[in-house]
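Here is how the chains run, residue by residue.
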Amino acid sequence: MPLSELPVATAVIRSRRVVLPDGERPADVLVRDGKIEQIAAHGSLLVGDAHLTDLGEVALLPGLVDTHVHVNEPGRTEWEGFATATRAAAAGGVTTVIDMPLNSIPPTTTVAGLDAKRKIAEGQAWVDLGFWGGAIPGNTGDLEPLHEAGVFGFKSFLAPSGVDEFPHVEAADLEAALTEQARIGALAIIHAEDPAVLEAAPQQPGTHYRDFLASRPDDAEAAAVARLLDTARRTGARVHILHVSSAAVLPLLAQARADGVQVTAETCPHYLTLAAEEVPDGDTAFKCCPPIRDESNRDLLWAALAAGEFVAIVSDHSPSTPDLKLLQKYGGSGDFAKAWGGIASLQLGLPAIWTEARKRGHDLSDVVRWMSAGPASLVGLTGTKGAIAVGHDADLVAFDPDGEFAVDPDALHHRNPVTPYAGKTLTGTVQTTWLRGRVVDVDAEPFGRQILRTR
Ligand SMILES: [Zn+2]
């Protein structure tokens with residue numbers, strides 16, 4: 001087709017390494033009006049220079065879908081906000097973010113809370129943005145209106161969440177929430193640590209990571225997951241286990257699936273790329289709950305990933321201000337027991353995972369399955385997001401799989417320069433991010449859209 005016949009909103013992106021649902025190969029991807037219109041043989045689409053981006057050996061991936069991000073706005077915008085989070089996302093190759101219902105104030109536990117969030121997010125998102133709701137004690141009546149308003153499901157905590165306005169559910173609350181979610185067809189997403197096991201564990205405050213790890217044992221996850229699966233079995237609810245850190249839960253998931261329980265699970269870059277053995281004492285940038293465990297546990301998580309036992313790898317990006325992290329470099333105590341539990345990694349998930357995945361013999365198709373297609377399927381966005389396929393949104397990432405960089409926290413778009421990846425050398429650089437066919441420029445106007453669960 002000669003240049004003059006191409007509509008303005010048409011472009012071809014060419015790469016020797018296009019990561020398609022059935023594998024990686026050289027291809028031309030024709031984008032029109034924000035959608036992928038055609039996938040053709042490499043070099044076969046005739047377009048003028050103005051319409052062609054030839055990436056050479058740089059890979060073309062579908063934009064990542066990160067279904068576990070704590071944006072924290074409104075209410076704790078100094079921790080992170082829509083502008084900073086979505087800039088970081090775009091710079092890290094993430095084109096869809098689903099925001100968690102806490103630590104914003106108000107939390108997303110009522111339609112009014114959702115409306116407040118949607119209003120303040122308007123015009124501030126560099127990527128597409130959706131919302132989870134929250135199921136807390138006493139808000140069972142809010143779940144159906146929130147579901148109708150388009151949240152992607154409901155988060156509950158089985159142990160204290162860390163913020164007062166988002167209390168955890170006891171057995172009776174969980175039963176009520178899951179019964180209602182089964183009735184309305186919503187997805188329940190669960191932070192699974194058991195408060196009784198946590199209370200019984202040795203609580204030794206201080207700067208030693210080993211003491212912190214002992215205070216959040218594998219059993220806390222396993223006991224909580226067992227209890228959750230029991231309730232899911234009884235109520236028929238669809239459940240998703242958030243941020244699995246302990247390999248001890250894997251046999252429980254396998255058994256439940258075999259029994260016909262609808263259960264999925266995710267894990268996170270920090271559990272797959274970091275290990276307790278390497279956490280420096282006092283470096284609370286590494287604190288999260290559940291915690292980063294030993295290398296042997298990490299190997300089991302990778303084996304489970306390879307076996308398809310996790311539907312997604314998502315960031316669980318949950319930053320706070322440096323003072324709440326009690327970081328020693330900012331004059332804090334470095335006390336793991338008291339520091340805010342949350343890891344900031346939204347912009348770094350893709351290179352962190354790629355660095356480790358490649359070492360372990362995985363390819364870009366695996367990474368795309370775990371970080372794009374999988375999370376898209378979790379939230380019912382298969383068909384628009386998470387794949388380079390005809391008819392999908394042209395959310396694309398030019399990714400140099402051989403590029404290397406040293407992580408400089410001050411150079412990240414995260415609001416606060418705190419991350420456990422500081423100083424590490426990671427492999428894989430995001431060169432360009434396209435959202436619905438347009439190059440995302442984090443210094444220009446944002447054009448991300450709010451997306452709602454479709455019925
Ligand atoms: Zn989280």
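Since the structure is predicted, the reported quantities are computational estimates derived from the model, not experimental observations.

**Student:** Any chance you could explain empty space enclosed by the protein here in plain terms?
**Tutor:** It is a probe the size of a water molecule, rolled over the atoms, that shows where empty space is left. With the rule as written, the count across this model stands at three cavities of 30 Å³ or more. The computed volume of the largest cavity comes to approximately 70 Å³. Along the walls of the largest cavity sit Leu-64, Val-65, Asp-66, Val-94, Pro-269, Ile-313, Val-314, Ser-315, Leu-346, Gly-349 and Met-371, which together make up its complete lining. The greatest single-element share of the lining of the largest cavity, amounting to three residues, is contributed by strand S6 (residues 64-69). Residue classes in the lining of the largest cavity are distributed as eight nonpolar, two polar and one charged. Taken as a whole, the second largest cavity spans an internal volume of roughly 50 Å³.

**Student:** Would you mind going over the environment of His-414 with me for this structure?
**Tutor:** The topology assignment puts His-414 in the loop between strand S15 (396-406) and strand S16 (425-435). On the basis of relative accessible area, His-414 is assigned to the buried category, the value being 6%. Considering only alpha carbons, one finds His-414 and Leu-198, 216 residues apart in sequence, at a separation of 31 Å. His-414 has contacts with Glu-80, Ala-88, His-317, Ala-344, Ser-345, Leu-346 and Gln-347, leaving out every residue within four places of it along the chain. A polar atom in the side chain of His-414 sits 3.5 Å from the backbone nitrogen of Leu-346.

**Student:** Just checking my understanding: could you explain the layout of surface pockets for this structure?
**Tutor:** Taken as a whole, the largest pocket encloses approximately 570 Å³ of empty space. If you trace the largest pocket, you find 32 residues lining it, with Ser-161, Arg-216, Lys-287, Cys-289 and Gly-341 closest to the centre. Of all elements in the fold, only strand S10 (154-157) and helix H6 (209-215) reach the threshold of two or more residues within the lining of the largest pocket. Grouping the constituent residues of the lining of the largest pocket by class yields 13 nonpolar, 13 polar and six charged. For the second largest pocket, the calculated volume is near 300 Å³. If you go around the second largest pocket, you meet 22 residues; those closest to its centre are Phe-152, Gly-380, Leu-381, Leu-452 and Thr-454. Taken together, the residues of the lining of the second largest pocket break down into eight nonpolar, seven polar and seven charged.

**Student:** Got a minute to help me understand the side chain of His-70 in this structure?
**Tutor:** Within the secondary structure, His-70 is located in the loop between S6 and helix H1 (82-91). Taking the relative accessible area as the measure of exposure, His-70 reaches 3% and is therefore buried. A polar atom in the side chain of His-70 sits 2.9 Å from the backbone oxygen of Leu-102. A polar contact is formed between the side chain of His-70 and the side chain of Asp-316, at a distance of 3.3 Å. In contact with His-70, other than residues within four places in its own chain, are Glu-80, Asp-99, Met-100, Leu-102, Asn-103, Lys-155, Asp-316, His-317, Ser-318 and Pro-319.

**Student:** For this particular structure, what's the right way to read helix H12 (residues 364-378)?
**Tutor:** Given 3.6 residues to a turn, an α-helix orients residues that are three or four positions apart in the same direction. Here H12 spans 20 Å end to end across 15 residues, near enough to the 21 Å set by a 1.5 Å rise per residue. Within H12, the axis deviates most sharply at Trp-370, by approximately 35°. Those residues of H12 that fall on the buried side of the exposure criterion are Leu-364, Ser-365, Asp-366, Val-367, Val-368, Trp-370, Met-371, Ser-372, Gly-374, Pro-375, Ala-376 and Leu-378. Near the N-terminus of H12, the side chain that reaches the backbone nitrogen of Ser-365, with its oxygen 3.2 Å away, is that of Asp-363. Where H12 ends, the next residue or the one after it, Gly-380, has phi of about 70°, a positive value.

**Student:** So what exactly am I meant to see when it comes to the coordination of the zinc ion here?
**Tutor:** When four donors bind a metal tetrahedrally, each ideal donor-metal-donor angle is 109.5 degrees, and when six bind octahedrally, the ideal angles are 90 or 180 degrees. Bound to the zinc ion on the protein side are His-68 (NE2), His-70 (NE2) and Asp-316 (OD), at distances that span 2.1 to 2.2 Å. Ordering the donors of the zinc ion by residue number gives the pattern H-x1-H-x245-D. Here His-68 matches His-70 in class, with each residue buried.

**Student:** Explanation requested: the sheet that holds S6 in the structure shown.
**Tutor:** Neighbouring strands of a sheet are bound in pairs by backbone hydrogen bonds; such pairs are parallel or else antiparallel. The three strands are arranged S6-S7-S8 in an open sheet whose pairing can be described as parallel. On the outer flanks of this sheet lie S6 and strand S8 (128-131), each paired with one strand and no other. Averaged over all pairs of adjacent strands, the angle between their axes in this sheet comes to 20°, without regard to strand direction. Where helix H2 (residues 111-121) meets the sheet, it contacts strand S7 (94-99) and S8, and its direction lies at approximately 170° from that of S8.

**Student:** Quick question: what am I supposed to make of the packing of aromatic side chains here?
**Tutor:** Given two aromatic rings, one states the distance between the centres and the angle between the planes to describe the pair. Taken as a whole, this structure holds seven aromatic pairs when the rule is applied. Between Tyr-209 and Phe-336, the ring centres sit 5.2 Å apart and the planes meet at 75°, which makes this aromatic pair edge-to-face. With a gap of 127 residues between them, Tyr-209 in helix H6 and Phe-336 in the loop between strand S14 (312-313) and helix H11 (349-359) connect regions that are remote in the sequence. Given a relative accessible area of 2%, Tyr-209 falls into the buried group. On the accessibility criterion, Phe-336 (0% relative accessible area) is buried. Grouping aromatic residues by their ring pairs yields a cluster made of Tyr-209, Phe-212 and Phe-336. The ring of Trp-79 has Arg-76 sitting right over it, with the charged end atom 5.1 Å from the ring centre.

**Student:** How should I be thinking about the sheet that holds S14 in this particular structure?
**Tutor:** Reading across the sheet, the six strands line up as S9-S10-S11-S12-S13-S14 and stay open at both edges, with parallel pairing between neighbours. Two strands bound the open sheet, and with one partner strand each, they are strand S9 (133-134) and S14. As defined by bridge partners, strand S12 (residues 238-241) adjoins strand S13 (residues 263-267) across three bridges and the pair is classed as parallel. Of the residues in S13, the one forming a bridge with Val-239 is Val-263. This element, helix H8 (residues 250-258), spans S12 and S13 of the sheet and lies at about 155° to S13.

Calculation criteria
- Residue indices begin from 1 for each chain and proceed along its sequence in written order.
- Reporting in this predicted model follows two pLDDT cut-offs: at least 70 for local features of residues, and 80 or more for side-chain atom pairs to be given and counted; totals over whole chains, interfaces and linings ignore these cut-offs and use all residues.
- Remark: hydrogens and water are excluded; side-chain values derive from all non-hydrogen atoms of the structure.
- A 1.4 Å probe that fits but cannot get out identifies a cavity on a 1 Å grid over protein atoms alone, an open set with protein on both sides within 12 Å along at least five of seven lines counts as a pocket, and a residue lines either if it has an atom within 4 Å of a point.
- Grid points are joined across faces, edges and corners, and a volume is the space filled by probe spheres set on the points.
- Under the scheme used here, helices are H or I runs from DSSP no shorter than 4 residues and strands are E runs no shorter than 2 residues, and both carry numbers assigned from the N terminus.
- In this classification, the charged set is Asp, Glu, Lys and Arg, the nonpolar set is Ala, Val, Leu, Ile, Met, Phe, Trp, Tyr, Cys and Pro, and all remaining amino acids, among them Gly, are polar.
- Residue exposure (1.4 Å probe, protein chains only): buried if accessible area is under 20% of the type maximum, exposed if over 50%, otherwise partly exposed.
- The contact criterion used is simple: two residues touch if any of their non-hydrogen atoms lie within 4.5 Å.
- Here a polar contact is recorded for every N or O atom pair within 3.5 Å, except that within protein the pair must consist of a potential hydrogen donor and a potential acceptor, and residues adjacent in sequence are included only if both atoms are side-chain atoms.
- How far a helix is expected to stretch is found by multiplying one less than its residue total by 1.5 Å.
- Given a residue, its bend is the angle between the two axes fitted to the seven residues that end at it and to the seven that start from it.
- For Na, K and Ca the donor cutoff is 3.2 Å, while for all other metals N, O and S atoms must lie within 2.8 Å; water is not among the atoms, so some sites may look incomplete.
- At least two DSSP bridges between two strands are required for those strands to pair.
- Think of each axis as a best-fit line through the C-alpha atoms, taken over the contacting stretch in the case of a helix, with angles from 0 to 180 degrees between the N-to-C directions.
- Each Phe, Tyr or Trp ring (for Trp, its six-membered ring) is paired with any other whose centre lies within 6.5 Å, and the angle between the two planes then decides the class: stacked below 30 degrees, edge-to-face above 60, tilted in between.
- Each ring is checked for a lysine NZ or an arginine CZ that lies within 6 Å of its centre and within 35 degrees of its normal; such an atom marks a charge sitting over the ring.

Honestly, it's all geometry; don't read function into it.
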